[in-house]
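# Understanding the architecture of this molecule
Each chain, written out:
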Amino acid sequence: MTMDRIPLIAGNWKMNGAVAESVALARAVAAGVAPGCELLVCPPAVLIPPVVAALKGSAVAVGGQDCHFAESGAHTGDIAAVMLVDAGCSHVILGHSERRADHGESDELVRAKTEAAHAAGLIAIVCVGETLAERDGGETLTRISSQIEGSLPDAVTAENTVIAYEPVWAIGTGRTASPADVEEVHAHIRADVERRFGKGVAAGVRILYGGSMKPSNAAELLAIDGVDGGLIGGASLKAEDFLSIATSCP
Ligand code: 13P
């Protein structure tokens, strides 16, 4: 962590929750104290309005879990970036491995969605990560580089984009990448960003780790050089665990 990059602790609630429990979870997160880091929660789309209302006046930001690349139109079931903004979101997660797998999202599509998010004024959290087969095949860094190259549009800045490194095999499995592996991949991503977007963007852009982060391993993961926060799934569904991770920020 450098002094300039404020850690971001982001909760990806995925497809979990209903109004009452989500409002209670949001309120409990807002009531916690996490000095020195930014907090973000990303509820399922229909829960964004009640969560935004519950967090009004708090320091906890709200984000979407996906958006369409178009501004409006005949795209049944999809949500536009401007709609997320209208609902009170400041961020959107894009290219999560579950969307890449469940919906066949390509790097090109993620890039178009990221452009739409930027055009709407959202901060895009763009996810990359290798599968177990890719890691075992020694392809981790080339896979990450091609996702970074293909998924990020040319207008990326340190302000409008956050990158999340989420090894697919570590998501929801209880397995985490080793600190050495995380450090290596984060440094690799930052070097790719520097080559394409310049030193200033590389120095300022936040790169989060995601994949089975929980209270018991958060301090170790968040202390790794080049890790600027976490994207947390399962452990973000319990306010106590999420806040415990947030207070582990160095
Ligand atoms: P888990 O924390 O449940 O492994 O999920 C990580 C993730 O996919 C966050 O986007």
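Here the structure is shown first, and the text comes after it.
Residues numbered from 1 in each chain as written. Predicted model: local features only at pLDDT ≥ 70, side-chain atom pairs only at ≥ 80, totals over all residues. Heavy atoms only, no water.

### Considerations on the packing of helix 10 (residues 215-222) against helix 11 (residues 239-246)
Where helix 10 meets helix 11, the closest approach of the two axes is 8 Å, and the angle between their N-to-C directions is 20°. One element, helix 10, and the other, helix 11, form an angle in the roughly parallel class. In this structure, the crossing between helix 10 and helix 11 has a hand that is right-handed. Residues Pro215, Ala218 and Leu222 of helix 10 pack against Asp241, Ser244 and Ile245 of helix 11. Of the residues belonging to the contact of helix 10 with helix 11, the class tally is four nonpolar, one polar and one charged. (Axes fitted to C-alpha atoms, helices over the stretch in contact; angles between N-to-C directions. Helix = DSSP H or I, 4+ residues; strand = E, 2+ residues; numbered from the N terminus. Parallel < 35°, antiparallel > 145°, perpendicular 65-115°, else oblique. Left-handed = near helix turned anticlockwise from the far one by under 90°. Contact = heavy atoms within 4.5 Å. Nonpolar A, V, L, I, M, F, W, Y, C, P; charged D, E, K, R; others polar.)

### As for the packing of aromatic side chains
Under the definition given, this model contains one aromatic pair. A centroid spacing of 6.2 Å and a plane angle of 65° characterise the contact between Tyr165 and Tyr209, whose relative ring orientation is edge-to-face. A residue pair is termed long-range when its members are at least 10 positions apart, and Tyr165 in strand 6 (residues 161-165) and Tyr209 in strand 7 (residues 206-210) qualify at 44 residues. The same class applies to Tyr165 and to Tyr209, which are both buried. (Phe/Tyr/Trp six-rings, centres within 6.5 Å; stacked < 30°, edge-to-face > 60°. Buried < 20%, exposed > 50% of the residue type's maximum accessible area, 1.4 Å probe, protein only.)

### Remarks on the site of the ligand
Around the ligand sit 13 residues, and of these Lys14, His96, Gly172, Ser212 and Gly234 come closest. Here an oxygen atom of the ligand sits 3.0 Å away from a polar atom, N or O, in the side chain of Asn12. With respect to the ligand, the backbone of Gly233 contributes an N or O atom lying 2.9 Å from an oxygen atom. Considering the ligand on its own, with 310 Å² of exposed area, one finds that the protein chains cover 94% of that surface. Of the residues contributing to the shell around the ligand, the split by class is four nonpolar, seven polar and two charged. (Near = heavy atom within 4 Å. Polar contact = N/O pair within 3.5 Å; in protein donor to acceptor, adjacent residues only side chain to side chain. Areas by Shrake-Rupley, 256 points an atom, 1.4 Å probe, with all protein chains shown as cover.)

### Quick notes on the nonpolar core
Counting residues in each nonpolar core, the largest one holds 63 residues, and the members touching the most others are Ile9, Leu39, Ile189 and Tyr209. In this structure, Leu39 is in contact with Ile9, Val29, Ala34, Ala59, Val60, Ala61, Phe242, Leu243 and Ala246, ignoring residues within four places of it in sequence. Grouped together as the second largest cluster of nonpolar side chains are twelve residues, Leu8, Ile93, Cys127 and Ala164 included. (Core = buried A, V, L, I, M, F, W, Y, C linked by side-chain atoms within 4.5 Å.)

### Things to note about the side chain of Ser22
With respect to the element layout, Ser22 can be found in helix 1 (residues 19-31). Other than its neighbours up to four places away in sequence, Ser22 contacts Trp13, Gly17, Leu47 and Val51.

### Description of the sheet that holds strand 2 (residues 38-42)
Ordered in space as 1-2-3-4-5-6-7-8, the eight strands form a closed barrel in which the pairing is parallel. In this sheet, neighbouring strand axes are inclined to one another by 25° on average, regardless of whether the strands run parallel or antiparallel. Here strand 4 (residues 91-94) pairs with strand 5 (residues 123-128) via four bridges, running parallel. Bridged to Leu94 within strand 5 is Val126. Sheet strands touched by helix 8 (residues 179-197): strand 5, strand 6 and strand 7. Its angle to strand 7, the strand with the most contacts, is close to 150°. (Pairing = 2+ DSSP bridges.)

### Section: helix 1
Turn by turn, an α-helix covers 3.6 residues, leaving residues three or four places apart pointing in a common direction. Compared with the 18 Å implied by 1.5 Å per residue over 13 residues, the 18 Å span of helix 1 between its first and last C-alpha is a close match. Burial in helix 1 covers these residues: Ser22, Val23, Leu25, Ala26 and Val29. One side of helix 1 carries all its buried residues, which in axial view fall inside an arc of 160°. Pointing more than 90 degrees away from the buried face of helix 1 are the exposed residues Ala20, Glu21, Arg27 and Ala31. Elements that come into contact with the buried residues of helix 1 comprise strand 2, helix 2 (48-55), strand 3 (60-64) and helix 11. (Expected span 1.5 Å × (residues − 1). Arc of directions from axis to C-beta.)

### As for the pattern of salt bridges
Between side chains of opposite charge, pairing is possible as soon as their charged atoms come close. On inspection of all chains with the given rule, the structure shows 17 salt bridges. Measuring nitrogen to oxygen at the nearest pair gives 2.8 Å for the salt bridge that ties Glu130 to Arg135. Since its relative accessible area comes to 0%, Glu130 is described here as buried. Among the salt bridges present, the one from Arg135 reaches Asp181, with a minimum N-O distance of 3.4 Å. In this pair, Arg135 sits in helix 6 (residues 132-136) while Asp181 sits in helix 8, placing the two residues 46 residues apart along the sequence. Through salt bridges that share partners, Asp66, Arg99, Glu105 and Lys113 make up one connected network. (Salt bridge = Lys/Arg side-chain N within 4 Å of Asp/Glu carboxyl O.)

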